[in-house]
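Listed below, chain by chain, are the residues.
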Amino acid sequence: MLSLKQQPPFPSLFFSQKPQILRHIHIQTPLSTTHPLPSLNYPYIPTPLLPRNYRNTITLQPAASSSSSANPDSDSDKSKTPNKTIKLALVFVFWYAQNVIFNIYNKKVLNVFPYPWLLASFQLLAGSLWMLSLWSLRLQPMPRLSGRFIAALLGPALFHTVGHISACVSFSRVAVSFTHVIKAAEPVFSVVLSAVILRKFYPVQVWLSIVPIVAGCSLAVLTEPTFDTAGLSGALISNLGFVLRNIYSKQSLSDFSEIDGLNLYGCISILSLLYLFPVAIFVEGSKWAAGFRHALTIAPSPNKFYLWVLISGLFYHLYNQSSYQALDDISPLTFSVGNTMKRVVVIVASIIVFRNPVSPLNALGSAIAILGTFLYSQATASPKKDVDAKA
């Protein structure tokens, strides 16, 4: 007896729950139990084009028998190893590619339209419309919202807003590579604020790992050709905002584990838009009309400018979504190391595309800071537990 289980070849996009099997076909055939058919498992593509838990899998399972059950699963394990490697490679390829595309087109827009508050608002709008479309078309299960959940989300969404707009301001004032070097100092904020707010202290090796981060960022700041105080401040405030978002998310959202990562990020995007846009109108709204007309005159063409804006908004949401999907598919340590290397890829890509001047000392400082973030990821992955401070 063979059981052929096949999932639908054209699944709906962005399901966070495993699609149900549509049919079961039972085939009776005289199959020798000494030569059972192996499982044929094909890897899925964990990108916005396919659902997170989707597996395009056709499994041929021989009927249970004493001889087949005694057979070890070594062949199956061997077949899964290369598939897992391919899947992991695809996770990083799409995650990195989306991040690079966002950073390049975000900077292209800001070079001709230096109004980060409006651009940041549009990026949140694009993500909000994306999620609303998925929910309305039932391509993504809509979360059950309650007043208690929304109240718990207000704090994290506010800090997410601060982190996003501050980073966008930094991108508008300095080179993309410089902003990302400073954003590599986020672990410093995490270690310090965890001790101050959560009263949890990391082991000594974690504190030592942030020393090269501080040293490398300091050297990069002193040797940065495009240095700007507002750009530096924006990157630092962005680190502060995102770390506070993570800390308060753990405190206020711990009781809502039924909300998956994609839905949680969608809700945060909508609330962040409501926070940001009214302030954006107050800060720079009077300049948008003149800035828009000027941008159309210096951009290669109006259509290209519109395309840049659209790409920056779409890929801002997609790369954040992919980071959630990556974290679901890989271990926290692999994710942390991958995030460090992602920053390297973005820095190198931005230097190549925009041809930013980089001095040897500036490159050395950037390398030391990135090395520090790698050491930090290794140190925080140790099995040692945080030590709670005494009252």
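Since this is a predicted model, take the numbers as computed values, not measurements.

Here we look at the overall build of the chain
Scanning the chain from terminus to terminus reveals 13 helices and six strands. Across the 391 residues that make up the chain, the buried fraction comes to 46%. In the chain, of all internal contacts separated by at least 6 residues, the share reaching a separation of at least 24 is 85%. Here the chain displays about 20000 Å² of accessible surface, and carbon together with sulfur accounts for 66% of that area.

Things to note about the packing of aromatic side chains
Counted under the stated rule, the structure contains 13 aromatic pairs. Ring geometry for Phe159 against Tyr248: centres 5.3 Å apart, planes inclined by 20°, an arrangement best described as stacked. Remark: Tyr248 occurs in helix α8 (residues 229-252) and Phe159 occurs in helix α4 (residues 147-173); sequence separation between them is 89 residues. Residue classification places Tyr248 among the partly exposed residues on the basis of a relative accessible area of 30%. Taken together, the ring pairs connect Phe113, Tyr115, Phe292, Phe305 and Tyr306 into an aromatic cluster.

Focus on the environment of Ser194
Assignment of secondary structure puts Ser194 in helix α6 (residues 186-197). With 50 residues separating them along the chain, Ser194 and Leu244 place their C-alpha atoms 9.2 Å apart. Beyond its immediate chain neighbours, meaning those up to four positions away, Ser194 contacts Phe189, Arg199, Lys200, Tyr202 and Ile247.

A closer look at the nonpolar core
Formed by 34 residues in total, the largest nonpolar core has its most connected members in Val109, Val112, Phe113, Leu119, Phe305 and Tyr316. Residue assignment for this core shows that the elements contributing at least two residues are α2 (74-112), α3 (116-136), α4, α9 (261-284), α10 (288-298), α11 (302-329) and α12 (332-354). Ranked by residue count, the leading element in this core is α11, at eight residues. In this structure, Phe305 is in contact with Val109, Val112, Phe113, Phe292, Ala295, Leu296 and Ala299, ignoring residues within four places of it in sequence.

Looking at the confidence of the model for the chain
Predicted confidence across the chain gives a mean pLDDT of 78, with 74% of residues reaching 70 or more. Note on residues 384-391: pLDDT under 50 across the span, and 13 contacts to partners over four residues away in sequence or across chains.

Conventions we followed
Position numbers for residues start from 1 in each chain and track the written sequence from start to end. At least 70 in pLDDT is required for a residue's local features to be given in this predicted model, at least 80 for side-chain atom pairs to be given and counted, and no such filter applies to totals for whole chains, interfaces and linings, which use all residues. The side-chain quantities take in all heavy atoms of the structure and omit both hydrogens and water. The helix count covers DSSP runs of H or I at least four residues long, the strand count covers runs of E at least two residues long, and both are numbered beginning at the N terminus. Summary of the burial criterion: residues with accessible area below 20% of their type's maximum are buried, those above 50% are exposed, and those between are partly exposed, where the area comes from a 1.4 Å probe applied to protein chains only. Pairs of residues are marked as contacts when any of their non-hydrogen atoms sit within 4.5 Å. The method behind every accessible area is Shrake-Rupley, applied with a 1.4 Å probe, and residues are considered shielded solely by the protein chains displayed. Stacked, tilted and edge-to-face are the three classes applied to pairs of Phe, Tyr and Trp rings, where Trp contributes its six-membered ring and a pair requires centres within 6.5 Å; stacked means planes under 30 degrees apart, edge-to-face means over 60, and tilted covers the rest. In this description, a nonpolar core means a group of buried Ala, Val, Leu, Ile, Met, Phe, Trp, Tyr and Cys residues linked to one another through side-chain atoms lying within 4.5 Å. pLDDT is defined as a per-residue confidence score from the predictor, taking values between 0 and 100.

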